[in-house]
Structure formats: structure tokens, C-alpha cells
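What follows is the residue order along each chain.
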Amino acid sequence: MATVQQLSAGPTPARPRSTNGTRDGDMDVDSSPSPELSRTASKFGSEPQRGDPRIVVIIYGDGQDGIVSTFAEVLGKPLGLKSGFSEVSTADKGLVIGIQAGAAKNDIAARNKDLVVAINAHCVDLGMPPDVYLSEQCDYEFLYTKAPFFRRDLSRFISFTLGQINHHETLMAKPRTYFISTTFPDVSAALPNLDILTVGADAVELRVDLLKEPTGDGTYSAVPSLSYVGRQVMLLRQRTELPLIFTTRCTRENGRFPMGDPDLYYEYLYRAIQWGVEYIDVELWLPEEIRKRLFEVRGNSRIMSAFHDFSGTFRWPSPEAQQVYVESSKYADIVKMIAIINDHHENFELEYFRSKMRAEYPDSPPFSGVNMEETGQFSRTLNKVFTPITHPLLPIVAAPGQMSASEINTALSLLGQLPKKTIWGITSPLFRSSIPQAPFFEKCFNELGLPHQFAVVERQPNNVASVEAWCNQKNFGGAYLSPPVSWSSLLKHSAFFASLNNGRGPELTEAARVIGTVDTIVVRTASSLSPPSGPASISPSPPNHGTNTTAGLSSAISNLPPNTSLVLDNASWKGILSALTRDLAPSAYFGRSAVALASSGDDAASVIFALRALNISKIYTVGFKTPPVLAKNGPAIEPFNSLESLQRARMVGDDAAPFVIVSALGPEKSNLVGMLVRVFGATGRGSSSNNTRKVFLDLADTASARKGGDPSIVAEQIGFSAYSSADTAAFTTVETLRLLVGQNVPYSFVRLASGRSLF
Ligand SMILES: O=C1C[C@@](O)(C(=O)O)C[C@@H](O)[C@@H]1O
């Protein structure tokens, strides 16, 4: 199962090694060989980890003890209240402890940092700032509003700060990443348009130096106060699931943050770490001890070292440029260098610098390097790690020459770097989607300036090999398959697929291999095969296409362009995982048991794979036989094959009773599903000792006619949190788009664009 990331005590969990954009071949899941297939080495970057094992202590304000139970619920732990840190002992392991703010002040400084992690939870409705002493002393600070309350925000905050989720490795393994530099004086203005603004972005930068805090007399404070900034971070995080980048750009580097007092930077940047901001921009000019300290105390946040040269005399081939790179690398998870150039050829000098640094310092962090102004725009199309982008809806561009995602893609396509492809949605007659997919994909492509075409086609119902007609084309750009198809029958029946890679077949991700079915076919070209900042020596072995034959199959002619490889993947398990962890931290699931309902092992496979990623310890199954590859090295599997077995599962102690029920049965089985939900709902809440609501996920198509009532309504009535196929479908679409076109489209945009209300 997922590797356990052990974190050291104190605010400074051990530094996970920077991936440097390289793909790591290790997967902790079942790894029995499938020799006929070449496997893609994909790491569970965003797969849940156990994270920080310390006791979580929530400091709460007067009358705000409700927030302690919400934290406990989200973490899936029982809670206890104490009147000081000195009362917390190892006997409290496994609990979430609440301490009232007044009492916490007495001994927070003397707390045992190896034992507890202190989180100051402050409701901004009660006024800002929070108690200054507590803010300084705590490990992390959670700012929230009571009405509306955003549980997703709390779940993400606590999962991130405790190291249960972290998207950095996944992002660095993407062929290209972008961040949008917001330039609003007050982010409230951005909130209504945030979904559209962030299409194509992998992270959102908050330019703290550009925020304008009104002083009340018609002017603005020279530096926005931490109170103002904290509220802005909170507002942004409540409305976007994307990682944030916290930037205090100085006056010399095109920003407004004064340079007179470097300690001010430490104060703001450290507070951003405490707020659980994912990326912290640390300027290179800051004194080394400040950069070093920030790096050491960064917890799970990642440091983006930043260097800008506006002099016009900076030269990429100079020894100074290399020195800047080396110095930046010392305390960084990403190195960013940005300069004004005078001539177009200097863009090529930057490219040479990029590859030289990669070759000379293969272990240094991923490098983001671009040039400014119009002359430098070419470099913005070539940079692959966190390219800064703008959007027409922003008040100003954050730097001269910034381009939007759409402009970058348009430029790439004009330069022949992003050839027009056809992407297919391959369905079969029985699986026509209730939501028209073509207009949605077209909308995304339009918004992103992608030249591709999208079309939905129907394959023959009993002939999986018929998909090859769309895939074996020169301009094939990838496909999603709904319903998914078994990869083994694809290889068995399709001469084209079997012949790829010299007869070894297409690449197969670990998820697709274990789940057994494929719902996404990704096209990899030689350039997209090598990660953005991986060692220069990595070179993909070009597959030999053309006239390969495999035993028992006639020869197949591949029409794919040379140096092209196909990857069979499965995105749906990620959709399930994301839906299950939207409002709960992964730890709420660790070690618990689950019920999975499906009418076949194929339908259940992605559910089991997702439950396994959540470290579920036991799965009771209904209606299917678990495929052996999934049963191996995973949670214990117990089929409900009699009333007695069901009764037994009901009677186990509360903590062992099923906590999550996932049904992949069709809408015609709603009666049965509702009945089972009632059976397990009757055992009450998550356990006698904690108050986490149980979870029910119904994967039945909500638009189809049901037989019997809606089991989600039943579930909610008896105290479950219920999620539907619409939730998983939107998360799966996010993943599918990421896989097919390499671009991030926010979940909220997907829900909005598919005509559904948000959350
Ligand atoms: O560092 C950068 C890059 C940038 O300066 C640009 O050139 O696009 C824009 C800034 O907002 C960001 O912090």
C-alpha cells in the first residue's frame, strides 16, 4: 500500500527529496510482472499518506468549540477537550484535542513539539487579527468563516499540513505546469470568475505585494497587514482547489514590497507556511539566513526561489547566471530565474543554460526560467516548469510580456509544437452519456487555445477491437473510453494494439494493470515522454512502429507517427478517490472497513483500487467476485454471501463496522442498495468514540430511472454524507483532461460547464 511518510516533530517535517521532475518507478501496490507489457513508471504523487503522527491540538476561540469537532470529524478521530498543553500526554494519541485560546496561551511555548502539532483555529467573523501571541507560537493557523463554512477548505488544509496529501511530486511529473499570477488589489473581485480564470493553471499565485488594503481614509496601507493578507488567502482557498503560491515581490523586482526590512519578508512568508500555503516564493536577494530558515521550517510547503533581473544587462551564458542558479538551488524546491533580454537570440541562450544546468546539476530542483517583455515571449512557450500565465480578465499583467495559457498554446501550435489532433470519446450504444460531452470538451479546448478536435463515437458493442479504427490514425490525440474496456481483451483482439512497441504492446499504467480496464488512452510523443526537468540523460526508447507481428495475430500497420507511444490508463479510480477525500482527510479512512457493491469484478475494480489507496483495512463485497490481482496485497476481502455474514459485519464493534459504502450497481438495483445502507446506517455514526459521519458513494447514473427510492436520500436521512456519480464524474473528467491534453481544468469549472450546480 501507500508508503508511509514519516514526519519529524516540530513545525519542520523532514524534507521529501525533490523529484526534480523525474518519474519514479516505485509503486507500493501489487507488482506482479506482466512481461508482455511495458509499464509506465508513474508514482502515486497525490496518493494519501499517513503523514504527521503527532497529536493534533486545536486552539479555539471563546464559544468556538464546534470547530474542534469539525477537525475531529474531518480527520476521522475522536476528540477530547483539555485546559492546557501540559495535560496532553501519549495517552491522547489518536485523539484530536481542543484547548481554549485563553488557556492555550499559558503553556503553548512549553509544549512538547515531538508529541503535539498545535493549530490555531480562528474564526475571522469574530474579527482580525487572531491573538498575535498564539499566531506566532502555533505550528499552523486555520482562518475560517462560520457562514458560509467551507468544509472542503478545512479538509484540504489539514490533509496538506499533516502531510496526508501533497501534489508537488505529481505536478513536477507533468510535462508542463502553469501558474496564474493574480494581480487583484482585493481577491474578492476575482472570486466570481475564478473558475474561468484558472482554466489551464496548475496553481494560483497571490501577489501579496499588489494587494491594497484600504485604510479607511481613502488611501491604502503601504504594506497590507497580515490580517488583510490572511483573509485574502482564506477567501482564495475557499474557492479554488488549486495550490496557492504566496508572493511578496520586492520593489526592485517589479513588485511593491519594500526592501528595507528583510525580517518583514520572513514574518509574512513564515505566516504563509503556517496558513498551509502550498508554495512560498522566496526572493534570492534576501539574506541567506532568512532563506535557509524558511527552507528549514517550510513543513509541507514548497519553496520557489525567485530571481528577477530588470537591468537589461543580464546574460544567460555568464558565470553570474550559473552562480545565481547554484545559490538559488541551495534552499529551493523550484528555482525560478527571470530576466529582461535585448535580443531574440538570448531566448536560445536561456535554452542552452537550461540544458547545461540540468546536465551539470542533475540533482538540483526543477528549473523555471523565462525572459520578459515581448522579446522574451518565445521563452515562455518553451519553459515547462510553472510557467507564469495571465488571463484577459485580470486587471493588469504581473510582468511585461506575460502570456495567457491560450496564447502560449496558440503560439505552440503555430510553431508546429502542438499539432492539431483528434481526441475521441469512445462509447458504446448502451452507455450514451446523459451529459453531452462534445460541447464541453470543445469549450475547454477553446478556452485553452488548443487546436484539437473532439468527437464522440460509438464502437460496436461486443467488439473491443473496434476502437483501433480511431486510435490507429496519424492524428490520433488520445481517447476516453466509456464504458472502459479490458486491456487484456484489447491486446488479445486488436492486432494494432498488440503490435505496438515491437510487439510488447502499449504502455500500461499500474492503475490500469491492476484494475484491469482502460478508460483513457494517452498519446505520448518523444518530447512529452521525458519529464520537464529530469536528468539530461533520460531518453525515451523510440518504439518501433510499422510492421510488427505477434503470435496468433495478423500483422498490423501502425499509422501513428514515429516516436509515438500509447499509454493505457485508468482515470476513474482517481475520480472516486477525489470524491471520497473532498470533505474528509485520508486519515478518516485509514484502517476502517468498507462495503463495495457491484454486479461484476470489472465494475468494482476501480472502487477497490481507490479504497486500497485510502488504506482501508477490510472490504465486504456484494454481488461480485474480487479479481485476484486486486485481492493480492490489499485490504482483507470478505464477500457477503449469506445473511449471517452480513449480520456478523453489523455486529462487530463500532470501529470495525463499515464506515464507507460504495455502490457501483445500476439504478435498477436502488432498492437493494438502499436496504444495505439502512442496515449499516443503523449502527450509528462512525464509531462510539468519534462523530465522523459515515460515507455513501453511489456511482449509479443519476439521470437514469431508478427502481425504488434514491439510496442517497436514504443515506443522508440516516446520517451518512452522500456523494453521487456526478461528483466522481467531474473529478474523473479533470483527470482525463490532464491525461489527454496535459492541462488542468478545475473541478468547479467542469461542474459549471456541464450545467450542474456547484458542490
Ligand atoms: O516570478 C514571477 C514571474 C513573473 O515575474 C513573470 O515574469 O511572469 C510574474 C510574477 O507574478 C511571478 O511571481
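An unreviewed UniProt entry annotates the protein as Pentafunctional AROM polypeptide of Sodiomyces alkalinus.

Chemist: How do you make sense of the pairing of strand β26 (residues 695–698) when you look at a structure like this?
Modeler: A regular strand carries its side chains on alternate faces of the sheet. Every second residue of β26 is oriented toward a common face, with V695 and L697 on one face and F696 and D698 on the other, all of them buried. Pairing of strand β25 (residues 658–663) with β26, which is carried by four bridges, proceeds in the parallel orientation. Residue S663 lies in a different strand from β26, and its bridge partner there is D698. Strand direction decides the pairing type here: β26 and strand β27 (residues 721–724), joined by four bridges, are parallel. Directly across from F696, in β27, lies its bridge partner A722.

Chemist: Can you help me understand the pairing of strand β22 (residues 593–597) in this one?
Modeler: Of all five residues in β22, five are buried; the element is thus mostly enclosed. Judged by which residues are buried, β22 turns out to be covered on both faces: S593, V595 and L597 on one side and A594 and A596 on the other are all buried. Note: β22 against strand β23 (residues 618–622), five bridges, orientation parallel. The residue of β23 that forms the bridge with A594 is I619. The handedness of the β22 to β23 crossover, carried by helix α21 (residues 601–613), is right-handed. With five bridges joining them, β22 and β25 adopt parallel strand pairing. Looking at β25, one finds that S593 is bridged to P658.

Chemist: Explain the confidence of the model for the protein here, please?
Modeler: Of all residues in the protein, 86% have pLDDT values of 70 or greater, and the mean over the chain is 87. Below a pLDDT of 50 lies the segment residues 529–554, which in the model reaches 62 contacts outside its immediate sequence neighbourhood of four places, other chains included. Note on residues 684–688: pLDDT is under 50 here. Beyond four places in sequence and across chains, it has 15 contacts. Complex prediction metrics read pTM 0.90 and ipTM 0.99.

Chemist: Would you take a moment to explain a negative patch on the surface for this structure?
Modeler: Taken together, the side chains of E136, D261, D263, E267 and E289 present a region of like negative charge at the surface. Residue position: E136 is located in helix α3 (residues 132–137).

Chemist: What am I meant to see in unusual backbone geometry here?
Modeler: Glycine aside, residues mostly have negative phi angles, and peptide bonds mostly take the trans form. Look at the link from A147 to P148: it is a cis peptide, with omega at 0°. Secondary-structure assignment places P148 in the loop between β6 (140–144) and α4 (151–161). With an omega of 10°, the peptide bond between S482 and P483 qualifies as cis. With phi around 55°, N501 is a residue other than glycine that occupies positive phi space.

Chemist: Where do I start with the sheet that holds β25 in this structure?
Modeler: In any sheet, the strands associate via hydrogen bonds between backbone groups, in a parallel or an antiparallel arrangement. Strand order in the open sheet formed by six strands is β24-β23-β22-β25-β26-β27, with parallel pairing between adjacent strands. Looking along the sheet, the strands with just one partner apiece sit at the ends: β24 (636–639) and β27. Pairs of neighbouring strands in the sheet enclose a mean axial angle of 20°, with direction left out of account. Docked against the sheet, helix α24 (residues 670–681) engages β22, β23, β25 and β26, running at close to 175° with respect to β25.

Chemist: Explain the nonpolar core here, please?
Modeler: Across soluble globular proteins, nonpolar side chains have a tendency to be buried as a group. Counting 76 residues, the largest nonpolar core has F246, I280 and F445 as the members making the most contacts within it. Here the element with the most residues in this core is helix α8 (residues 262–274); it accounts for eight residues. Setting aside anything within four residues of it in sequence, one finds F246 in contact with L206, V208, V229, V233, Y268, L269, A272, W275, V277, Y279, I280 and D281. Among the nonpolar cores identified, the runner-up in size contains 33 residues, and A596, A604, I608 and V660 belong to it.

Chemist: Can you walk me through the domain arrangement of the protein in this structure?
Modeler: When the parts of a complex come together, some accessible area is lost, and that lost area is often taken as the interface size. Entries for the protein in the domain assignment read domain 1 (55–161), domain 2 (166–415), domain 3 (422–527 + 558–569) and domain 4 (573–741). One C-alpha centre belongs to domain 1, the other to domain 3; they are set 47 Å apart.

Cut-off values and rules
- Residues numbered from 1 in each chain as written.
- Predicted model: local features only at pLDDT ≥ 70, side-chain atom pairs only at ≥ 80, totals over all residues.
- Heavy atoms only, no water.
- Buried < 20%, exposed > 50% of the residue type's maximum accessible area, 1.4 Å probe, protein only.
- Helix = DSSP H or I, 4+ residues; strand = E, 2+ residues; numbered from the N terminus.
- Pairing = 2+ DSSP bridges.
- Right-handed = clockwise from strand over helix to strand, strands pointing away.
- pLDDT = per-residue confidence, 0-100.
- Contact = heavy atoms within 4.5 Å.
- Patch = residues over 30% accessible without salt bridge, like charges linked within 9 Å, V, L, I, M, F, W, Y side chains within 5 Å.
- Areas by Shrake-Rupley, 256 points an atom, 1.4 Å probe, with all protein chains shown as cover.
- Salt bridge = Lys/Arg side-chain N within 4 Å of Asp/Glu carboxyl O.
- Lys, Arg positive; Asp, Glu negative; His and termini not counted.
- Charge placed at Lys NZ, Arg CZ, Asp CG, Glu CD.
- Axes fitted to C-alpha atoms, helices over the stretch in contact; angles between N-to-C directions.
- Core = buried A, V, L, I, M, F, W, Y, C linked by side-chain atoms within 4.5 Å.
- Domains from an automatic or database assignment.

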